[in-house]
Amino acid sequence: DFICHSNGNNEQKTGLFQKNTDFESYKLVYVYEGVCSVNIDGKCFEVPTGYSVLIFPKCVFAIHTNKTAKYTWLEFSGFASAAILSRIEVSKKSPVLGKIDIDGFEFLFEIPDVTVRSDEPYLLYRFGGCLLMLLSYYIEKKIKSKKHFVMERLYQMEVFWEILL
């Protein structure tokens, strides 16, 4: 399974968002304006415009923003999460992901109806498909050859469908 629990954005002028991820979920935060300072388990990471940070399960984190910072996020879990994230060069020690230089990338974080708690297959497929599409951009950053990227994307789709079926 590949489940999106929640999503949102923070367009506050200043602020602090703090949470303890006390269950098995990941939080992917994408900064689309300004700079955020993200403290994860006591270690601080500066996340500038166009970069993302992945917060792993069971971490205590705080996001500090300045007057111009805007970010969006998704919280997700499932067996497919670990398999897909293993294809991206990210770890608890190095949680900041490379720059995604695509206009409007933050809109991929806006998954409709994500807060609807339903076992309806169409919603589960939609959420999983949206997450897979979003994460494929991070996989693409890691892979230099377009041929290898196409093979990687096909592999990810295969993993996703095997888990769902």
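Look up: the structure comes first, before these words.
Residues numbered from 1 in each chain as written. Predicted model: local features only at pLDDT ≥ 70, side-chain atom pairs only at ≥ 80, totals over all residues. Heavy atoms only, no water.

### Considering the overall build of the chain
Okay, so step 1: If you tally the helices and strands in the chain, you get 3 helices and 9 strands.
Okay, so step 2: Reading the chain from its N end, one meets helices and strands in the order β-β-β-β-β-β-β-β-α-β-α-α.
Okay, so step 3: Across the chain, every contact between residues at least 6 apart in sequence was considered, and the portion connecting residues at least 24 apart equals 76%.
Okay, so step 4: Just so you have it, the chain exposes about 8,900 Å², and 55% of that area is on carbon and sulfur atoms. (Helix = DSSP H or I, 4+ residues; strand = E, 2+ residues; numbered from the N terminus. Contact = heavy atoms within 4.5 Å. Areas by Shrake-Rupley, 256 points an atom, 1.4 Å probe, with all protein chains shown as cover.)

### As for empty space enclosed by the protein
Okay, so step 1: All told, the structure shown has 1 cavity of 30 Å³ or more when counted by the stated rule.
Okay, so step 2: Its volume calculated, the largest cavity comes out at about 30 Å³.
Okay, so step 3: As for the largest cavity, its lining consists of Leu28, Leu54, Leu85, Ile88, Val90, Leu97, Leu135 and Tyr138.
Okay, so step 4: In terms of residue class, the lining of the largest cavity is built from 8 nonpolar, no polar and no charged. (1 Å grid on protein atoms, 1.4 Å probe; cavity = no way out; pocket = protein on both sides within 12 Å on 5 of 7 lines; lining within 4 Å. Points joined across faces, edges and corners; volume = space filled by probe spheres on them. Nonpolar A, V, L, I, M, F, W, Y, C, P; charged D, E, K, R; others polar.)

### Re the nonpolar core
Okay, so step 1: Grouped together as the largest cluster of nonpolar side chains are 42 residues, with contacts concentrated most on Leu28, Phe76, Leu135 and Tyr138.
Okay, so step 2: Of all elements in the fold, only strand 3 (26-33), strand 4 (35-40), strand 5 (43-48), strand 6 (52-55), strand 7 (60-65), strand 8 (70-77), helix 1 (79-85) and helix 2 (121-142) reach the threshold of two or more residues within this core.
Okay, so step 3: Residue contacts for tyrosine 138: discarding those within four places in its chain leaves Leu28, Tyr30, Ser52, Ile88, Leu97, Ile100, Phe105 and Phe109. (Core = buried A, V, L, I, M, F, W, Y, C linked by side-chain atoms within 4.5 Å. Buried < 20%, exposed > 50% of the residue type's maximum accessible area, 1.4 Å probe, protein only.)

### Quick notes on the side chain of threonine 72
Okay, so step 1: Mapped onto the elements, threonine 72 comes out in strand 8.
Okay, so step 2: Residue classification places threonine 72 among the buried residues on the basis of a relative accessible area of 3%.
Okay, so step 3: A polar contact is formed between the side chain of threonine 72 and the backbone oxygen of glycine 8, at a distance of 2.8 Å.
Okay, so step 4: Beyond its immediate sequence surroundings of up to four residues, threonine 72 is in contact with Gly8, Asn9, Leu28, Val29, Tyr30, Tyr32, Glu106 and Phe109. (Polar contact = N/O pair within 3.5 Å; in protein donor to acceptor, adjacent residues only side chain to side chain.)

### Description of the sheet that holds strand 3
Okay, so step 1: An order of 1-8-3-6-9 is seen for the 5 strands of this open sheet, with the pairing classed as antiparallel. Among the strands making up the open sheet, the edge pair consists of strand 1 (3-10) and strand 9 (96-97).
Okay, so step 2: As judged from the 2 bridges shared by strand 6 and strand 9, these two strands associate in the antiparallel manner. Bridge pairing in strand 9 places valine 53 opposite valine 96. (Pairing = 2+ DSSP bridges.)

### Comments concerning the packing of aromatic side chains
Okay, so step 1: Taken as a whole, this structure holds 7 aromatic pairs when the rule is applied.
Okay, so step 2: Taking 5.6 Å as the distance between ring centres and 20 degrees as the angle between the ring planes, the aromatic pair formed by tyrosine 26 and phenylalanine 76 counts as stacked. Placement of the pair is tyrosine 26 in strand 3 and phenylalanine 76 in strand 8, with a sequence separation of 50 residues. This pair shows no difference in class: tyrosine 26 is buried, exactly as phenylalanine 76 is.
Okay, so step 3: Judged by centre distance (5.9 Å) and plane angle (75 degrees), the rings of phenylalanine 105 and tyrosine 138 are edge-to-face. Highlighted residues: phenylalanine 105 in the loop between strand 9 and helix 2 and tyrosine 138 in helix 2, separated in sequence by 33 residues.
Okay, so step 4: Judged by its relative accessible area of 3%, tyrosine 138 is buried. (Phe/Tyr/Trp six-rings, centres within 6.5 Å; stacked < 30°, edge-to-face > 60°.)

### Section: unusual backbone geometry
Okay, so step 1: Residues other than glycine seldom take positive phi values, yet aspartate 41 does so here, at roughly 50 degrees.
Okay, so step 2: Relative to the helices and strands, aspartate 41 is located in the loop between strand 4 and strand 5.
Okay, so step 3: The backbone of lysine 58 shows a phi angle near 65 degrees, a positive value even though the residue is not glycine.

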